[in-house]
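Descriptive structure summary
Here is how the chains run, residue by residue.
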Amino acid sequence: MHCPFCRHPDSRVVDSRTADDGSQIRRRRQCPACGRRFTTLETASLSVVKRSGVTEPFSRDKIVSGVRKACQGRPVSEDDLALLAQRVEETLRQQGSAEIDAYEIGLAILGPLRDLDEVAYLRFASVYQAFDSLDDFETAITSLRAEHAARLQGGDEGQVGREAPSETASSPA
Ligand SMILES: [Zn+2]
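Remember, it's a predicted structure, so these values are computed and weren't measured experimentally. (Residues numbered from 1 in each chain as written. Predicted model: local features only at pLDDT ≥ 70, side-chain atom pairs only at ≥ 80, totals over all residues. Heavy atoms only, no water.)

1. A closer look at the coordination of the zinc ion
Let me state the cut-off plainly: The donor set covers N, O and S atoms within 2.8 Å of the metal, switching to 3.2 Å for Na, K and Ca, and it leaves out water, so a site may look short of donors. Just to be clear on the cut-offs, tetrahedral is four donors with all angles between 85 and 135 degrees, square planar is four donors and octahedral six with opposite donors over 155 degrees apart and all others between 65 and 115, and anything else goes down as irregular.
Taken together, the protein ligands of the zinc ion are C3 (SG), C6 (SG), C31 (SG) and C34 (SG), with distances of 2.3 to 2.4 Å. Of note is the zinc ion, whose four donor atoms meet at the metal with angles of 105 to 120° in an arrangement that counts as tetrahedral. Written as a sequence motif, the donor arrangement for the zinc ion is C-x2-C-x24-C-x2-C.

2. A few points about the side chain of S11
The line we're drawing: Numbering of helices and strands starts at the N terminus; helices are DSSP runs of H or I of at least 4 residues and strands are runs of E of at least 2. Polar contacts, as counted here, are pairs of nitrogen or oxygen atoms within 3.5 Å of one another; within protein the pair requires one atom able to donate a hydrogen and one able to accept it, and residues that are adjacent in sequence qualify only if both atoms are side-chain atoms.
Tracing the backbone through its elements, the reader meets S11 in the segment before β1 (12-19). Here R29 takes part through its side chain, which lies 3.4 Å from a polar atom of the side chain of S11.

3. Notes on the pattern of salt bridges
The condition is simple: Counted as salt bridges are all cases of a side-chain nitrogen of Lys or Arg within 4 Å of a carboxyl oxygen of Asp or Glu. Remark: exposure states derive from per-residue accessible area (1.4 Å probe, protein chains only) relative to the maximum for the residue type, with buried under 20%, exposed over 50%, and partly exposed in between.
Inspection of the entire model under this criterion finds eleven salt bridges. The partner of D15 in a salt bridge is R17, with the nearest N and O atoms 3.0 Å apart. The exposed category is assigned to R17, whose relative accessible area is 53%. R151 is the partner of E147 in a salt bridge, and the nearest nitrogen-oxygen pair spans 4.0 Å. Linking E147 with R151, this pair stays in helix α5 (residues 134-154), spanning four residues, or about one helical turn.

4. A look at the pairing of strand β3 (residues 37-43)
Rules: Whether two strands pair comes down to DSSP finding at least two bridges between them.
Relative to β3, strand β2 (residues 24-30) is paired through seven bridges, and the arrangement is antiparallel. Counterpart to R26 in the pairing with β3 is L41. Turn length for the β2-β3 hairpin, with the two strands adjacent in sequence and antiparallel, is six residues, and the turn residue G35 shows positive phi of about 80°.

5. Topic: the environment of F5
Within the secondary structure, F5 is located in the segment before β1. Each C-alpha atom, one on F5 and one on F38, is 9.0 Å from the other, the two residues being 33 residues apart in sequence.

6. Section: the nonpolar core
Defined as follows: Definition of nonpolar core: a set of buried residues of the types Ala, Val, Leu, Ile, Met, Phe, Trp, Tyr and Cys, connected through side-chain atoms within 4.5 Å.
Counting 29 residues, the largest nonpolar core has I63, V67, I105, I109 and L113 as its most contacted members. For this core, the secondary structure elements donating two or more residues are α1 (60-70), α2 (78-94), α3 (102-116), α4 (118-128) and α5. If one sorts the elements of this core by residue count, α4 sits on top with six residues.

7. Here we look at the pairing of β2
Two faces belong to every sheet, and in a regular strand the side chains alternate between them. Looking at chain direction, β1 and β2 are connected through seven bridges and run antiparallel. Each residue of the ladder has a partner; that of A19, found in β2, is Q24. Where β1 folds back onto β2 in an antiparallel hairpin, the turn is made up of four residues, including D20, whose phi is positive at roughly 55°.

8. Quick notes on the sheet that holds β1
Across a sheet, strands are paired by hydrogen bonds formed along the backbone, either parallel or antiparallel in direction. For clarity, the cut-off: Axis definition: a line fit to C-alpha positions, over the contact stretch in the case of helices; interaxial angles, taken between N-to-C directions, run 0 to 180 degrees.
Pairing in this open sheet of three strands is antiparallel, and the strands run β1-β2-β3 from one edge to the other. Lying at the two open borders of the sheet, with one neighbouring strand each, are β1 and β3. Taking each pair of neighbouring strands and ignoring which way they run, the sheet shows an average axis angle of 20°.

9. Quick word on the sheet that holds strand β4 (residues 47-49)
Taking strand neighbours across the sheet as the criterion, the three strands line up as β5-β4-β6 in an open arrangement whose pairing is mixed. Taken across any chain shown, the strands that pair with only one partner, and hence form the sheet edges, are β5 (55-57) and β6 (99-101). This sheet shows a mean twist of 35° between the axes of neighbouring strands, independent of strand direction. Note: β4 against β6, three bridges, orientation parallel. In the sheet register, S47 faces β6, and the bridge partner there is E99.

Structure (C-alpha coordinates):
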(Lines give C-alpha, C1' and ligand atoms only; values in the text may rest on other atoms or scores of the structure.)
Protein backbone atom coordinates (compact mmCIF):
# COMPACT_ATOMS: atom_id res chain seq x y z
CA MET A 1 0.00 0.00 0.00
CA HIS A 2 1.64 3.25 -1.04
CA CYS A 3 1.78 6.37 1.10
CA PRO A 4 -1.09 8.80 0.36
CA PHE A 5 1.15 11.76 1.25
CA CYS A 6 4.37 11.19 -0.67
CA ARG A 7 3.34 8.20 -2.83
CA HIS A 8 6.20 6.14 -1.50
CA PRO A 9 5.40 2.62 -2.77
CA ASP A 10 5.63 0.93 0.60
CA SER A 11 4.28 1.35 4.12
CA ARG A 12 4.60 -0.47 7.38
CA VAL A 13 1.75 -1.62 9.65
CA VAL A 14 2.27 -0.19 13.14
CA ASP A 15 -1.03 -1.23 14.67
CA SER A 16 -3.89 -3.52 13.68
CA ARG A 17 -7.21 -3.94 15.43
CA THR A 18 -10.64 -5.31 14.68
CA ALA A 19 -13.56 -2.92 14.64
CA ASP A 20 -17.32 -3.06 14.32
CA ASP A 21 -17.74 -6.44 16.05
CA GLY A 22 -14.92 -8.03 14.15
CA SER A 23 -16.28 -7.35 10.67
CA GLN A 24 -13.50 -4.87 9.92
CA ILE A 25 -9.81 -4.55 10.54
CA ARG A 26 -8.27 -1.11 10.94
CA ARG A 27 -4.58 -0.87 10.29
CA ARG A 28 -2.46 2.05 11.31
CA ARG A 29 0.37 2.41 8.82
CA GLN A 30 3.50 4.46 8.70
CA CYS A 31 5.42 5.56 5.67
CA PRO A 32 9.15 4.76 5.97
CA ALA A 33 10.01 7.65 3.63
CA CYS A 34 8.09 10.65 5.07
CA GLY A 35 7.23 9.13 8.44
CA ARG A 36 3.56 10.12 8.26
CA ARG A 37 0.83 7.80 9.47
CA PHE A 38 -2.47 6.84 7.90
CA THR A 39 -5.24 4.29 8.46
CA THR A 40 -6.61 1.62 6.19
CA LEU A 41 -9.82 -0.29 6.65
CA GLU A 42 -10.20 -3.87 5.56
CA THR A 43 -13.58 -5.62 5.18
CA ALA A 44 -14.62 -8.80 3.44
CA SER A 45 -15.96 -7.94 0.02
CA LEU A 46 -19.76 -8.15 -0.17
CA SER A 47 -21.70 -6.92 -3.14
CA VAL A 48 -25.29 -7.07 -4.21
CA VAL A 49 -26.47 -8.16 -7.64
CA LYS A 50 -29.64 -6.26 -8.44
CA ARG A 51 -32.39 -7.62 -10.61
CA SER A 52 -31.11 -5.46 -13.47
CA GLY A 53 -27.78 -7.29 -13.23
CA VAL A 54 -26.01 -4.22 -11.86
CA THR A 55 -23.68 -4.90 -8.94
CA GLU A 56 -23.27 -2.49 -6.05
CA PRO A 57 -21.57 -2.67 -2.65
CA PHE A 58 -23.70 -3.96 0.19
CA SER A 59 -24.98 -1.09 2.33
CA ARG A 60 -26.49 -1.29 5.79
CA ASP A 61 -27.99 2.15 5.18
CA LYS A 62 -30.05 0.77 2.34
CA ILE A 63 -31.36 -2.01 4.56
CA VAL A 64 -32.33 0.55 7.17
CA SER A 65 -34.11 2.85 4.73
CA GLY A 66 -35.94 -0.08 3.15
CA VAL A 67 -37.15 -1.39 6.50
CA ARG A 68 -37.88 2.04 7.96
CA LYS A 69 -40.79 2.49 5.55
CA ALA A 70 -42.40 -0.69 6.83
CA CYS A 71 -41.90 0.50 10.42
CA GLN A 72 -43.71 3.83 10.09
CA GLY A 73 -45.85 4.48 13.13
CA ARG A 74 -44.49 1.41 14.90
CA PRO A 75 -42.51 1.43 18.17
CA VAL A 76 -39.21 0.79 16.41
CA SER A 77 -36.18 2.96 17.14
CA GLU A 78 -33.25 3.90 14.94
CA ASP A 79 -31.12 1.66 17.17
CA ASP A 80 -33.46 -1.25 16.43
CA LEU A 81 -33.08 -0.61 12.72
CA ALA A 82 -29.30 -0.39 12.96
CA LEU A 83 -29.18 -3.65 14.88
CA LEU A 84 -31.45 -5.32 12.36
CA ALA A 85 -29.22 -4.19 9.49
CA GLN A 86 -26.23 -5.57 11.35
CA ARG A 87 -27.93 -8.94 11.80
CA VAL A 88 -28.82 -9.02 8.12
CA GLU A 89 -25.23 -8.30 7.14
CA GLU A 90 -23.95 -11.01 9.47
CA THR A 91 -26.39 -13.54 8.02
CA LEU A 92 -25.35 -12.69 4.48
CA ARG A 93 -21.64 -12.80 5.27
CA GLN A 94 -22.08 -16.19 6.93
CA GLN A 95 -23.19 -17.53 3.56
CA GLY A 96 -19.59 -17.03 2.54
CA SER A 97 -20.31 -15.64 -0.89
CA ALA A 98 -18.85 -12.33 -2.07
CA GLU A 99 -21.89 -11.63 -4.25
CA ILE A 100 -25.50 -11.95 -3.23
CA ASP A 101 -28.80 -11.53 -5.03
CA ALA A 102 -30.96 -8.63 -3.95
CA TYR A 103 -33.71 -11.20 -3.41
CA GLU A 104 -31.66 -12.96 -0.73
CA ILE A 105 -31.33 -9.71 1.17
CA GLY A 106 -35.09 -9.48 1.44
CA LEU A 107 -35.16 -13.04 2.75
CA ALA A 108 -32.48 -12.24 5.32
CA ILE A 109 -34.53 -9.23 6.50
CA LEU A 110 -37.75 -11.17 7.11
CA GLY A 111 -36.56 -13.16 10.16
CA PRO A 112 -35.09 -10.34 12.23
CA LEU A 113 -37.94 -8.02 11.27
CA ARG A 114 -40.49 -10.57 12.48
CA ASP A 115 -38.68 -10.67 15.81
CA LEU A 116 -38.67 -6.89 15.95
CA ASP A 117 -42.24 -5.97 15.01
CA GLU A 118 -44.86 -8.23 13.52
CA VAL A 119 -46.93 -5.50 11.92
CA ALA A 120 -43.86 -4.08 10.19
CA TYR A 121 -42.97 -7.63 9.18
CA LEU A 122 -46.36 -8.15 7.55
CA ARG A 123 -46.06 -4.86 5.69
CA PHE A 124 -42.57 -5.68 4.48
CA ALA A 125 -43.46 -9.26 3.54
CA SER A 126 -46.56 -8.13 1.66
CA VAL A 127 -44.44 -5.93 -0.60
CA TYR A 128 -41.41 -8.14 -0.84
CA GLN A 129 -43.29 -11.39 -1.42
CA ALA A 130 -45.90 -9.59 -3.54
CA PHE A 131 -48.95 -10.60 -1.51
CA ASP A 132 -51.88 -10.19 -3.87
CA SER A 133 -54.79 -11.44 -1.85
CA LEU A 134 -56.18 -11.66 1.67
CA ASP A 135 -55.23 -15.34 1.63
CA ASP A 136 -51.56 -14.39 1.53
CA PHE A 137 -51.99 -12.22 4.62
CA GLU A 138 -54.01 -14.92 6.29
CA THR A 139 -51.29 -17.51 5.69
CA ALA A 140 -48.62 -15.19 7.10
CA ILE A 141 -50.74 -14.32 10.13
CA THR A 142 -51.59 -17.97 10.75
CA SER A 143 -47.91 -18.82 10.86
CA LEU A 144 -47.25 -15.93 13.27
CA ARG A 145 -50.07 -17.22 15.50
CA ALA A 146 -48.64 -20.72 15.40
CA GLU A 147 -45.29 -19.33 16.53
CA HIS A 148 -46.94 -17.43 19.36
CA ALA A 149 -48.65 -20.63 20.50
CA ALA A 150 -45.40 -22.60 20.30
CA ARG A 151 -43.61 -19.92 22.30
CA LEU A 152 -46.26 -19.91 25.01
CA GLN A 153 -46.15 -23.68 25.28
CA GLY A 154 -42.41 -24.00 24.97
CA GLY A 155 -41.05 -21.80 27.68
CA ASP A 156 -42.36 -18.98 29.71
CA GLU A 157 -39.33 -18.74 31.91
CA GLY A 158 -41.34 -17.97 35.02
CA GLN A 159 -43.12 -21.31 34.73
CA VAL A 160 -40.20 -23.54 33.94
CA GLY A 161 -39.41 -24.33 37.56
CA ARG A 162 -42.83 -25.73 38.22
CA GLU A 163 -43.07 -28.18 35.38
CA ALA A 164 -39.58 -28.50 34.01
CA PRO A 165 -39.66 -32.29 33.31
CA SER A 166 -42.67 -31.96 31.01
CA GLU A 167 -40.69 -29.88 28.56
CA THR A 168 -39.36 -32.97 26.80
CA ALA A 169 -42.77 -34.64 26.95
CA SER A 170 -44.42 -31.75 25.13
CA SER A 171 -42.52 -32.29 21.89
CA PRO A 172 -44.63 -35.10 20.31
CA ALA A 173 -47.51 -32.65 19.78
ZN1 LIG B 1 5.15 9.06 2.73
